[in-house]
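The lines below spell out each chain.
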Protein chains: 2
Amino acid sequence: MPPLDYKQAGVDYAKIDPLKVLAQRAAAGTAGNLARHGLAEVPASRGESAYVVDCGEFYLASITECLGTKALVADSMRAITGKTYYDLIAQDTLAMAINDLITVGATPVSVHAYWAASGSDWFDDAARACDLVAGWQAACDACGVSWGGGETPALAGVVADGRVDLAASCVGLIRPKSRLTLGEKLSAGDAIVLIESSGIHANGISLARKLAERLPDGYATRLEDGSLYGEALLAPTLLYANLTEALAAAGIVPHYAANVTGHGWRKLMRHPGAFTYRLHTLPPVPPVLRFIQRQAGLSDAEAYGTFNMGAGFALYLAAQDAAPTIEVARAQGLLAWHAGRVEQGVRQVAIEPLAATFGSEQLTVRL
Amino acid sequence: MPPLDYKQAGVDYAKIDPLKVLAQRAAAGTAGNLARHGLAEVPASRGESAYVVDCGEFYLASITECLGTKALVADSMRAITGKTYYDLIAQDTLAMAINDLITVGATPVSVHAYWAASGSDWFDDAARACDLVAGWQAACDACGVSWGGGETPALAGVVADGRVDLAASCVGLIRPKSRLTLGEKLSAGDAIVLIESSGIHANGISLARKLAERLPDGYATRLEDGSLYGEALLAPTLLYANLTEALAAAGIVPHYAANVTGHGWRKLMRHPGAFTYRLHTLPPVPPVLRFIQRQAGLSDAEAYGTFNMGAGFALYLAAQDAAPTIEVARAQGLLAWHAGRVEQGVRQVAIEPLAATFGSEQLTVRL
């Protein structure tokens, strides 16, 4: 069978990008409104994972993110095992927002839930409702954020029948202001520390779903370790907020941070600077991602350019901070690797063990 | 034909409420997490329109809201007139979030857009994309907020074919802290000032859509003033942020504020206290709402208990502040009426000119 790619999986960025460019330009044009209130945006936060406003004594950070289509995997798996998995995808949804917010150095403070369902009936499933609520609360507790409220609309005709659109917004504070991490200090010689992922997290799901359609047993296909493909996909995204808080408590301020989400390791060159990110060490690849790569017929470059391949979060630090950062991560129960270094040079990601390189043109997050 | 009610229109709150109660309890249970960061929630904000955190020198307010199903009206009207109307529903979406945020006394600072579409193709419609972006920017400019970013996912299988799920999150600051408006000062003798609406805004849309199905000409039905029913529905929600900012600048701090959204005038008793809200003056009813009431066969109580009926926002103020508030509103281009007073008594809304009363049991926004 021919290899799968993301366009086949139904997401064609060429069709979305013109609107994104329009929106980014228009959004940038509204920054001046803050002057009315004696505030100013931090321009370097445009194009980063969270938006940052300078409020004088502190910075305010905010983000809204969605789960994507991972709920469809949960729905399919429920038919197989009877479990709802909505506790797990609740954590995924919060992780999408919180793991983005912390990249700028913010302490996440509060979140809002956005659970838009196809109709009132969707909410009337007690097992699923309990799991969703319990998982959401547990993830808030794990990250030290307050769940401030949310929206549970019934949107027949907007949300597909029997489905739910899950999203989260998160607000945070950067206090003291010296914790701001927007990459100004990123320098040649910095260490790249990669933090483990738990599996696919919530990015690359469309391709993973497309693959399930190809497998004779679909989501019930067993991986080498005996787990079901669908269940392995549903391992919840790791939460990295305790790590970034612990680093701050240890006096370690990263020079930059990247949440490894859509576009996989191409996200490692999210920073706009002229740097080459040279990776010499690869984290172990989660079995479910190894399985997808093999079954979908993806080259290493395609796999690492799409999935996190075992690295869920990246920290860029002064070289001497790499070892203590790995210790802090371990104390938080997270494996971490001093996996590479930042070099002056063309903007690219060079993965030496795979002889693979992603050029600057393969990641556009700014105008 | 029998009168229409909201359950017939497809929204059955009895099915949604158990999950909402579960979620509200769980959310309240996460408040203690803020202590980790030296912060504390303002408990009175639970059940209010925006969540408020005490950050020491200031309060932080946040909210996430969605448009609901009004985009379906825009999509139908496009087939009739060729216009997209997405500039208008962009304003509606932002109004849902911003008009809620300002009720607690917050200055809106930044917003995030959430535009989840059924697939990449949705974004590839240049006219609609331009309108959506232009309307979003214009509404941000009108409210003095910065558009910080957003999410434009393509969610085939989650969002219904050809549709978009529009939502917005908004973050604000309450500075000085004396601007906090959570109702502690609400007292018998306070004046109720109602601010005009532009029409249906974005609440009660499911019923309005159901009505269109009954009309021989549907959305193309002409109102008495000659406008098309569908186009009248699409009059964008008024934005009240400049009014609340102007009041603050004038030294007027309301005792309480309510955004008149779902449940119409029942929202006038949003405050948990034992007060009777006695209305003696009714704003003129927008023609489109008068039309819906008549065509759907709604009693006055049903109409005022569902729609805003001309009052989009309510302010509760010390009696001597009513007249200057109406002046400030007029200077912002908004009609306002000293429409009633707060009395000690059973929690209810009494609309004297209609001899209609909503009892406490007809609005549940808290556990």
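Residues numbered from 1 in each chain as written. Chains lettered and ligands numbered in written order. Predicted model: local features only at pLDDT ≥ 70, side-chain atom pairs only at ≥ 80, totals over all residues. Heavy atoms only, no water.

**Quick word on the pairing of strand 13 (residues 356-359) of chain B**
Residues and elements named next belong to chain B. For strand 12 (residues 348-351) and strand 13, the ladder comprises 4 bridges, and the chain directions are antiparallel. Among the inter-strand pairings, Val349 is bridged to a residue of strand 13, identified as Phe358. In this antiparallel pair of consecutive strands, strand 12 and strand 13, the connection spans 4 residues, and Ala355 shows a positive phi of 50°. (Pairing = 2+ DSSP bridges. Helix = DSSP H or I, 4+ residues; strand = E, 2+ residues; numbered from the N terminus.)

**Focus on the nonpolar core**
Ranked by size, the top nonpolar core spans 123 residues in total, and within it Trp115, Trp147, Tyr229, Trp265 and Ile292 of chain A carry the most contacts. Of all the elements, helix 3 (residues 86-101) of chain A adds the most residues to this core, at 9 residues. In this view, Ile292 of chain A contacts Ile200, Leu207, Ala208, Leu211, Tyr229, Leu233, Gly297 and Phe307 of chain A; residues no more than four positions away in its chain are not counted. By size, the runner-up hydrophobic cluster in this structure holds 122 residues, among which are Val42, Val52, Met77 and Leu268 of chain B. (Core = buried A, V, L, I, M, F, W, Y, C linked by side-chain atoms within 4.5 Å. Buried < 20%, exposed > 50% of the residue type's maximum accessible area, 1.4 Å probe, protein only. Contact = heavy atoms within 4.5 Å.)

**Some remarks on helix 6 (residues 205-214) of chain A**
Side chains of residues three or four places apart in an α-helix project in the same direction, reflecting 3.6 residues per turn. All names here are of chain A. Taken across its 10 residues, helix 6 has 7 buried, putting it largely inside the fold. Inspection of helix 6 places Ile205, Ser206, Leu207, Ala208, Arg209, Leu211 and Ala212 among the buried residues, and these make up the whole buried set. Of the surrounding elements, those touching the buried residues of helix 6 are helix 2 (70-81), helix 7 (229-233) and helix 9 (287-296).

**Description of the domain arrangement of chain A**
Residue and element names in this part refer to chain A. By domain assignment, chain A separates into domain 1 (38-179) and domain 2 (191-362). For domain 1 and domain 2, the distance between their C-alpha centroids amounts to 21 Å. Residue-level contacts link 34 residues of domain 1 with 32 residues of domain 2. One can count 3 salt bridges joining domain 1 with domain 2. For the pair domain 1 and domain 2, the number of links is 17 residue pairs in polar contact (both at pLDDT 80 or more). Elements with a minimum of two residues in the side of domain 1 that touches domain 2: helix 2, helix 3, strand 4 (107-117) and helix 5 (126-143). Class assignment for the residues of the side of domain 1 that touches domain 2 results in 18 nonpolar, 10 polar and 6 charged. (Domains from an automatic or database assignment. Salt bridge = Lys/Arg side-chain N within 4 Å of Asp/Glu carboxyl O. Polar contact = N/O pair within 3.5 Å; in protein donor to acceptor, adjacent residues only side chain to side chain. Nonpolar A, V, L, I, M, F, W, Y, C, P; charged D, E, K, R; others polar.)

**Looking at the relation of the copies chain B and chain A**
After a rotation of 180° and a shift along the axis of 0.0 Å, chain B superposes on chain A with an RMSD of 0.0 Å. Read as a symmetry element, the transformation amounts to a two-fold axis. Most of the interface of chain B is mirrored in chain A, where 100% of its interface residues again form contacts. (Least-squares fit on C-alpha atoms with pLDDT ≥ 70 in both.)

**Points about the interface of chain B and chain A**
When the parts of a complex come together, some accessible area is lost, and that lost area is often used as the size of the interface. Taken together, the 82 residues of chain B in the interface contact 82 residues of chain A. For the pair chain B and chain A, the summed buried surface comes to about 6600 Å²; carbon and sulfur atoms form 61% of the total. The interface formed by chain B and chain A contains 4 salt bridges. Classifying every residue of the side of chain B that touches chain A gives 44 nonpolar, 21 polar and 17 charged. (Buried area = accessible area lost by both parts, 1.4 Å probe.)

**Overview of the sheet that holds strand 2 (residues 51-54) of chain A**
Residue and element names in this part refer to chain A. One open sheet holds the 6 strands; their spatial order is 1-2-3-6-4-5, and the pairing between them is mixed. Edge positions in the sheet fall to strand 1 (40-41) and strand 5 (146-151), since each has one partner strand and no second. Where strand 3 (residues 59-66) lies against strand 6 (residues 164-174), 8 bridges are found, and the strand directions are antiparallel. Counterpart to Glu65 in the pairing with strand 6 is Ala168. Relative to strand 4, helix 5 is tilted by about 165°, and along the sheet it contacts strand 4, strand 5 and strand 6. (Axes fitted to C-alpha atoms, helices over the stretch in contact; angles between N-to-C directions.)

**Points about the environment of Lys267 of chain B**
Residue and element names in this part refer to chain B. Tracing the backbone through its elements, the reader meets Lys267 in the loop between strand 8 (256-259) and strand 9 (275-279). Residues Lys267 and Asn308, 41 residues apart in the sequence, show an inter-C-alpha distance of 9.3 Å. What Lys267 contacts, discounting residues up to four positions off in sequence, is Ala258, Asn259, Val260, Thr261, Gly262, Tyr316, Leu363 and Val365.

**Focus on the pattern of salt bridges**
Tallied over the entire structure, the rule returns 33 salt bridges over all chains. For Arg78 of chain A, the salt bridge goes to Asp125 of chain A, with nearest N and O atoms at 2.8 Å. With Arg78 of chain A in helix 2 and Asp125 of chain A in the loop between helix 4 (120-123) and helix 5, this residue pair connects regions lying 47 residues apart in the sequence. The residue Glu327 of chain B makes a salt bridge to Arg330 of chain B at a minimum N-O spacing of 3.7 Å. Of this pair, Glu327 of chain B and Arg330 of chain B are both found in helix 11 (residues 322-331), 3 residues apart, which corresponds to roughly one turn of the helix. What you see here is one network of salt bridges that share partners, running through Arg278, Arg341, Glu343 and Glu352 of chain A.

**What to know about unusual backbone geometry**
Residue Arg175 of chain A is joined to Pro176 of chain A through a cis peptide bond whose omega torsion reads 0°. In the Ramachandran plot, His201 of chain A falls in the positive-phi region, its phi being about 55° despite a non-glycine side chain. Mapping His201 of chain A onto the fold places it in the loop between strand 7 (191-196) and helix 6. One non-glycine residue, Tyr85 of chain B, adopts positive backbone phi at about 65°. With respect to the secondary-structure elements, Tyr85 of chain B resides in the loop between helix 2 (70-81) and helix 3 (86-101).

**Considerations on helix 8 (residues 241-249) of chain B**
Residues and elements named next belong to chain B. Among the residues making up helix 8, those that are buried are Ala241, Leu243, Thr244, Glu245, Ala246 and Leu247. Among the structural elements, helix 3, strand 4 (107-117), helix 5 (126-143), strand 7 (191-196), strand 10 (311-317) and helix 11 are those in contact with the buried residues of helix 8. Two residues or fewer past helix 8, Gly251 is found with a positive phi of approximately 80°.

**A look at the packing of aromatic side chains**
Residue and element names in this part refer to chain B. On inspection of all chains with the given rule, the structure shows 25 aromatic pairs over all chains. Seen in terms of ring centroids, Trp136 and Trp147 are 6.0 Å apart; in terms of plane orientation they differ by 45°. Their pairing is tilted. One end of the pair, Trp136, is in helix 5; the other, Trp147, is in strand 5 (residues 146-151), with 11 residues separating them in the sequence. When sorted by exposure, Trp136 lands in the same class as Trp147, which is buried. Here the aromatic cluster, defined as three or more aromatic residues joined through ring pairs, consists of Tyr256, Phe275, Tyr277 and Tyr316. (Phe/Tyr/Trp six-rings, centres within 6.5 Å; stacked < 30°, edge-to-face > 60°.)

**Topic: the side chain of Lys70 of chain B**
Residue and element names in this part refer to chain B. Within the secondary structure, Lys70 is located in helix 2. Overall, Lys70 belongs to the buried group, its relative accessible area being 0%. Within the structure, the side chain of Lys70 is placed 2.7 Å from the backbone oxygen of His201, a separation counted as a polar contact. Ignoring sequence-local partners within four residues, the contact set of Lys70 consists of Ile89, Asp92, Ile200, His201, Ala202, Ile205, Leu233, Leu234 and Ala235.

**Thoughts on the sheet that holds strand 3 (residues 59-66) of chain B**
All names here are of chain B. Taken together, 6 strands build an open sheet; the order of strands is 1-2-3-6-4-5 and the sheet is mixed. At either end of the open sheet lies a strand with only one pairing partner, and these are strand 1 (40-41) and strand 5. As paired strands, strand 1 and strand 2 (residues 51-54) are joined by 2 bridges and run antiparallel to one another. Directly across from Glu41, in strand 2, lies its bridge partner Val53.

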